[in-house]
Amino acid sequence: MGSLDWVGLFEQSAGAKQFIVSFRACALQIGMPMFFHISGRAQALSPAFGFRKTVVLRCQRLLLPFIASYLLLIPPWQYIDKEYDWKHPSAFHMKANPLAWLAHYYTSCDYLIYFDMARLWFLPALFAIGMLSTPLFLVAEGHGTKKGKQYWLLAFARWLAFAAWLHCGLGFTLAFAACAIIGEVSSVLLAVFMRFPPRRLELDQLEGVCRASAVRSWCALRLATLIQILANVGLVLNFEYAVIDPHRKDGGHDPRAAIPFLVLCTGFYVQGYFTQRWAEGAMTLTSATNREIPAWVHMFKLMMSFILLIVITVAHPMNDVEDGHLIYPIYSASYPLGRSFGAAYVIGTWAYIMIFVTMFEAHGNHVIN
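These notes cover the structure that comes with them. In this text, all values refer to a predicted model and were calculated from it rather than measured experimentally. (Residues numbered from 1 in each chain as written. Predicted model: local features only at pLDDT ≥ 70, side-chain atom pairs only at ≥ 80, totals over all residues. Heavy atoms only, no water.)

## As for the overall build of the protein chain
Helix and strand counts for the protein chain come out as 14 helices and zero strands. For the protein chain, the N- to C-terminal ordering of α and β elements is α-α-α-α-α-α-α-α-α-α-α-α-α-α. In the protein chain, of all internal contacts separated by at least 6 residues, the share reaching a separation of at least 24 is 76%. (Helix = DSSP H or I, 4+ residues; strand = E, 2+ residues; numbered from the N terminus. Contact = heavy atoms within 4.5 Å.)

## Considering helix α3 (residues 51-83)
Spanning 33 residues, α3 covers 45 Å between terminal C-alpha atoms, matching the ideal 48 Å at 1.5 Å per step. Helix geometry: α3 is bent most strongly at Y70, by close to 40°. Among the residues of α3, those classed as buried are T54, L57, R58, L62, F66, Y70, I74, P75, Q78, Y79 and E83. (Expected span 1.5 Å × (residues − 1). Bend = angle between axes of the 7 residues up to and from the residue. Buried < 20%, exposed > 50% of the residue type's maximum accessible area, 1.4 Å probe, protein only.)

## Topic: helix α13 (residues 295-314)
For α13, which comprises 20 residues, the first-to-last C-alpha distance of 30 Å matches the rise-based estimate of 28 Å (1.5 Å per residue) to within 8%. What α13 keeps buried is the set V297, L308 and V311. Summarising the axial view, the buried residues of α13 lie within an arc of 65°, below the 170-degree limit, and thus occupy one face. Turned more than 90 degrees from where α13 packs its buried face, A295, M299, L302, F306, L309, T313 and V314 sit exposed. (Arc of directions from axis to C-beta.)

## Quick look at the pattern of salt bridges
Taken as a whole and assessed by the stated rule, the structure comprises four salt bridges. R158 is the salt-bridge partner of E184, the closest N and O atoms lying 2.8 Å from each other. Within this pair, whereas E184 is found in helix α8 (residues 174-193), its partner R158 is found in helix α7 (residues 146-169), the two being separated by 26 residues in sequence. Of the residues examined, R158 reaches a relative accessible area of 8% and is grouped as buried. A salt bridge links D254 to R256; the nearest nitrogen and oxygen atoms lie 3.5 Å apart. Through salt bridges with shared partners, a single network forms among E141, R277 and E280. (Salt bridge = Lys/Arg side-chain N within 4 Å of Asp/Glu carboxyl O.)

## Quick word on the nonpolar core
Counting 75 residues, the largest nonpolar core has F36, L166, F172, F239, F274 and W278 as the members making the most contacts within it. For this core, the element with the highest residue contribution is helix α12 (residues 259-286), accounting for twelve residues. If sequence neighbours within four positions are ignored, W278 has contacts with S187, L190, A191, M194, R195, F196, S217, A220, L221 and A224. (Core = buried A, V, L, I, M, F, W, Y, C linked by side-chain atoms within 4.5 Å.)

## A look at a nonpolar patch on the surface
Judged by side-chain polarity, L64, I67, L71, L72 and L73 come together as a nonpolar surface patch covering roughly 500 Å² of accessible area. By the element assignment, L64 lies in helix α3. Taking the relative accessible area as the measure of exposure, L64 reaches 53% and is therefore exposed. (Patch = residues over 30% accessible without salt bridge, like charges linked within 9 Å, V, L, I, M, F, W, Y side chains within 5 Å. Areas by Shrake-Rupley, 256 points an atom, 1.4 Å probe, with all protein chains shown as cover.)

## Thoughts on the packing of aromatic side chains
Applying the stated criterion to the full structure yields 27 aromatic pairs. Between the aromatic rings of F35 and F36, the centroid separation amounts to 5.3 Å while the plane-to-plane angle is 85°, which identifies the pairing as edge-to-face. Given the relative accessible area of 0%, F36 is considered buried. Its guanidinium or amino end placed over the ring of F162, R158 lies 5.0 Å from that ring's centre, counting from NZ or CZ. (Phe/Tyr/Trp six-rings, centres within 6.5 Å; stacked < 30°, edge-to-face > 60°. Lys NZ or Arg CZ within 6 Å of the ring centre and 35° of its normal.)

Set out below in structure tokens:
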């Protein structure tokens, strides 16, 4: 009995390939951006520490699991990837004995030659993004203290170095570099003038937040989010995959191709942190326990619901990504059907984040109550 050719079945089935491609593109539009946004929110819910202790904790929670997972999971995956042949006459269609292959892999240079993070890439990426973002959070949390001034210097150095690296080191446009940091800069500056409320770990203090402070938190949250969305739109309009990641004969990618998506994920992470911190102050504005919810809050929610429905309707991706590259799930200014697809894509991502976060919060409140 011959083996079933799943690849042939997939290619020949009418509509099957397009359905899978569309589903994968939509899942990528939501999945990793949502992951980084929620990670930023989780960081905001944890106790505030200094930079040094934050580095130690992030190493324990991200780098150690990455190293352990890489040692245990990646070699078996590479064995299957390199030795599987569905035409090979064996029980599992493997061309080499697994124990002998793994023994050679662990005791030779293959371990370094075939280095591949595979699906574990998000752990070191989250660590790097978290470390780059920590000075910004420390400035926003305590800009008036003695250490706060040191954190200001660190934040300015981080912005300048990051923009210079993108523009001078990697060859992205100056507009791209500016859009990469403008959302973060605006959020930090807003946090200076519209201070965060007491942390969620001190809920008893939230009752003392005045109405004016709650309004400021509510406005700061929406304004910072709007600026971040506009910065993300500017980002995708100011780079071209055709320039930074041209086709290669070996089918490989230029390492710069990962940068736009990682910059976007940094924005999702940073905005998640600031959103969560301001949301704690805005809760006293929308809570009906002590006062009536203002009518303008209801009107805003109704209007946003209508806008979000329209956005997710028109912002569905056309394909995985331009030029047949199936790794980084965004469009650039060189997309053949128009540069506006990148803008629609990233706006759609933010719309999905807002909708899913609202659903998660509603479910959580229901469970708690």
